[in-house]
Amino acid sequence: MSFIWGILIFEEPVKNITQTGLAFVTLGVGLVGMSRYSKPPKKPISENMEQEEEQTEEDLETAKGKIKPASSNTDKSAALKKPKKYFFFGGKLALTRRQLGIVGAMINGTWGGLNLIPLHFAKKEGFGGAAYLISYSCGSMIVNTGMWVVYFIYFLHRRQYNFAEALESLPEWHWDKLWMPGFLAGGLYSMGNFG
């Protein structure tokens, strides 16, 4: 997306044709690799039959009252009941989980490609590099905070204006698990912008 905007809209020259070609080859290989390996591997028929036989015997024992169903079996059956399609816009649009992932990747790629467009205009005002990153991060913080406020107001309305229940409905932060990956991702991203 950035390449298209740079070449077609802003008419910026390509600095090195060889590196540009290699970048497109790398993107193509990555796309093919992700497409090929994103599906779970198929199990051989014999494995499926053995699993079915084990489940059938276990189901018979459970039905006879000899053993109680394990929580893992209950969790598996609950997982199997998940809808195969997700509906949007009042049922007018139905997407599978895979299709949702592809749409999410397209949106991410589009936004990732369009996020440098303001930098093109900021250069005319004398901003670039680290000075631009400050405004970029402030904008991200404002938008994310706004999204959380809207999300909270939504839950506040759904919970009949019960403040405590609305707070409990918000997703957990998981600080104990995510602080290190988040710190590393942000640090590496920031170093990449200066590289």
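Residues numbered from 1 in each chain as written. Predicted model: local features only at pLDDT ≥ 70, side-chain atom pairs only at ≥ 80, totals over all residues. Heavy atoms only, no water.

Chemist: Could you clarify how one ought to interpret the layout of surface pockets in this entry?
Modeler: In this structure, the second largest pocket encloses a volume near 500 Å³. Those elements that provide at least two residues to the lining of the second largest pocket are α1 (2-9), α2 (17-37) and α6 (117-124). Ranked by residues supplied to the lining of the second largest pocket, first place goes to α1 with five residues. When the residues that make up the lining of the second largest pocket are grouped by side-chain class, the tally is nine nonpolar, seven polar and three charged. (1 Å grid on protein atoms, 1.4 Å probe; cavity = no way out; pocket = protein on both sides within 12 Å on 5 of 7 lines; lining within 4 Å. Points joined across faces, edges and corners; volume = space filled by probe spheres on them. Helix = DSSP H or I, 4+ residues; strand = E, 2+ residues; numbered from the N terminus. Nonpolar A, V, L, I, M, F, W, Y, C, P; charged D, E, K, R; others polar.)

Chemist: So what exactly am I meant to see when it comes to a nonpolar patch on the surface here?
Modeler: Judged by side-chain polarity, W148, Y151, Y154, W173, W175, W179, M180, F183, L184, L188 and M191 come together as a nonpolar surface patch covering roughly 1,300 Å² of accessible area. Elements supplying a minimum of two residues to the nonpolar patch: α7 (130-158) and α9 (175-194). Looking at the nonpolar patch element by element, the count peaks at seven residues for α9. Considering the arrangement of structural elements, one finds M191 in helix α9. (Patch = residues over 30% accessible without salt bridge, like charges linked within 9 Å, V, L, I, M, F, W, Y side chains within 5 Å. Areas by Shrake-Rupley, 256 points an atom, 1.4 Å probe, with all protein chains shown as cover. Salt bridge = Lys/Arg side-chain N within 4 Å of Asp/Glu carboxyl O.)

Chemist: I tried to follow the packing of aromatic side chains on my own but got confused; where do I start?
Modeler: Centre distance and the angle of the planes are the two values used to describe a pair of aromatic rings. Applying the stated criterion to the full structure yields six aromatic pairs. Between the aromatic rings of W148 and Y151, the centroid separation amounts to 6.3 Å while the plane-to-plane angle is 80 degrees, which identifies the pairing as edge-to-face. One end of the pair is W148 and the other is Y151, both in helix α7 and three residues apart, which spans about a single turn. Taking the relative accessible area as the measure of exposure, W148 reaches 31% and is therefore partly exposed. Measuring from centroid to centroid gives 5.3 Å for Y154 and F155, while their planes differ by 65 degrees, and the two rings are edge-to-face. When its relative accessible area of 12% is taken as the criterion, F155 is described as buried. A network of ring pairs unites the aromatic residues W148, Y151, Y154, F155, W173 and W175 as a single cluster. (Phe/Tyr/Trp six-rings, centres within 6.5 Å; stacked < 30°, edge-to-face > 60°. Buried < 20%, exposed > 50% of the residue type's maximum accessible area, 1.4 Å probe, protein only.)

Chemist: Is there a simple way to explain the nonpolar core in this structure?
Modeler: Burial of nonpolar side chains together is a common tendency in soluble globular proteins. Counting residues in each nonpolar core, the largest one holds five residues, listed as F152, F155, L156, A166 and L170. No other element matches α7, which puts three residues into this core. (Core = buried A, V, L, I, M, F, W, Y, C linked by side-chain atoms within 4.5 Å.)

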